[in-house]
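Residue-level structure breakdown
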Amino acid sequence: MSAVEGNSADDPILPFIDTTKPSVARVYDVFLGGKDHYEVDREVYRRTLEITPEVPLLTRTFRQWLIRVVRFLASGAGIDQILDCGSGLPTAENTHQVAQRVNPETTVVYVDNDPMVIAHGRALLEENDRTHFVDANLRDAEALLAHPTVTRYLDMNRPLALMQCGTLHHISDEDNPVDLMARYIDALPSGSYVAISHFYDPADGSELSELSQKLETNLLNAVGSGWCRTSAQIEAMFCGLELVEPGLVPAVDWWPDGPRIRPVATVEQIAYGAVARKP
Ligand SMILES: C[S@@+](CC[C@H](N)C(=O)[O-])C[C@H]1O[C@@H](n2cnc3c(N)ncnc32)[C@H](O)[C@@H]1O
């Protein structure tokens, strides 16, 4: 499907795309109705639909939240530089398109380490000279912030936005996402914003909690990560920063674009998100 399909694991130049195992980025792409995936990824999609046929609403909710947040950052918050960790594969509305529509001067640096995103997506994401892509592991905050592309294009003496959308639920408790975020937040200049979206589990025995747990088990079996967490656990990742109104809420309730014209499905309530500002 991509130009590098069939390349070998020891190819020195092209990233090796393992088409026998599903990947987070490709499975997410299936859910969003994209084209950059393989049969193994589509199999995960079909298995997830068996849990609830409404599950595509969950990924759409995450993506629509990202779009609203980027619009807020570039307009209301006046942010003109964004570090988007875990860009995912290019989709209809990418961070740089949303931000640069508001302010064409906005610089966006994308980060991802999925071989498919690196091989295929970066060309589409790096659309203009204010948009850059870094192949790096977001788990190493210090290395990422010291990456030459990051230091060249993002001015760490001026406010920027750090986006961790749909990434931290792929970091296990053992790998300590709170400590990771503390390292990022420490390095951010004053006036910067942090956006996090994450899978939610109220852990209260409710229908929503049961569904969260089923989806978590399914995702852990499929791709080895994808933990649902309580709102206290997610809020801890902001390391005490003050959350912008309305705080940490179901993503559908975070400054929706307009009135609700249908009831919110249970599965949509698994997408949680918040934005904070560093004083
Ligand atoms: C679920 S997608 C979210 C995409 C986008 N941020 C959004 O919210 O629509 C998560 C992305 O994070 C990337 N990712 C996960 N762990 C990563 C890591 N350790 N380093 C870099 N990227 C990572 C995956 O490859 C994937 O593209």
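Everything that follows concerns the structure shown earlier in this document.
Let me sum up the structure you'll find in this document. None of the values given here were measured: they were computed from a predicted structure.

**Looking at the layout of surface pockets**
Left-over empty space is what a probe sized like a water molecule reveals as it rolls over the atoms. Taken as a whole, the largest pocket encloses approximately 1100 Å³ of empty space. What lines the largest pocket is a set of 49 residues, among which Ser23, Val24, Ala25, Gly166 and His170 lie closest to the centre. Among the elements of the structure, helix H1 (24–31), helix H3 (56–74), strand E2 (107–112), helix H5 (115–125), strand E5 (193–199) and helix H9 (207–223) are those that each provide at least two residues to the lining of the largest pocket. For the lining of the largest pocket, the leading source of residues is H1, giving 6 residues. Per-class residue counts for the lining of the largest pocket are 25 nonpolar, 16 polar and 8 charged. Put simply, the second largest pocket is a space of about 410 Å³. Lining the second largest pocket we find 18 residues, and of these Gln64, Val252, Arg260, Arg262 and Glu268 sit closest to its centre. Residue composition of the lining of the second largest pocket, by class: 9 nonpolar, 3 polar and 6 charged.

**Considerations on the site of the ligand**
Around the ligand, the surrounding shell holds 18 residues, and the nearest of these are Tyr28, Arg63, Gly86, Asp112 and Asn137. Between the ligand and asparagine 137 there is a distance of 2.8 Å, counted from a nitrogen atom to a side-chain nitrogen or oxygen. With respect to the ligand, the backbone of cysteine 165 contributes an N or O atom lying 2.8 Å from a nitrogen atom. Taking 600 Å² as the accessible area of the ligand by itself, protein coverage stands at 94%. Counting atoms within 2 Å of the grid points, the majority share of the ligand lands in the largest pocket. Residues of the shell around the ligand, tallied by class, amount to 7 nonpolar, 7 polar and 4 charged.

Basis of the calculations
Residues numbered from 1 in each chain as written. Predicted model: local features only at pLDDT ≥ 70, side-chain atom pairs only at ≥ 80, totals over all residues. Heavy atoms only, no water. 1 Å grid on protein atoms, 1.4 Å probe; cavity = no way out; pocket = protein on both sides within 12 Å on 5 of 7 lines; lining within 4 Å. Points joined across faces, edges and corners; volume = space filled by probe spheres on them. Helix = DSSP H or I, 4+ residues; strand = E, 2+ residues; numbered from the N terminus. Nonpolar A, V, L, I, M, F, W, Y, C, P; charged D, E, K, R; others polar. Near = heavy atom within 4 Å. Polar contact = N/O pair within 3.5 Å; in protein donor to acceptor, adjacent residues only side chain to side chain. Areas by Shrake-Rupley, 256 points an atom, 1.4 Å probe, with all protein chains shown as cover. Sits in = over half its atoms within 2 Å of the grid points.

Just distances and angles here, no functional claims.
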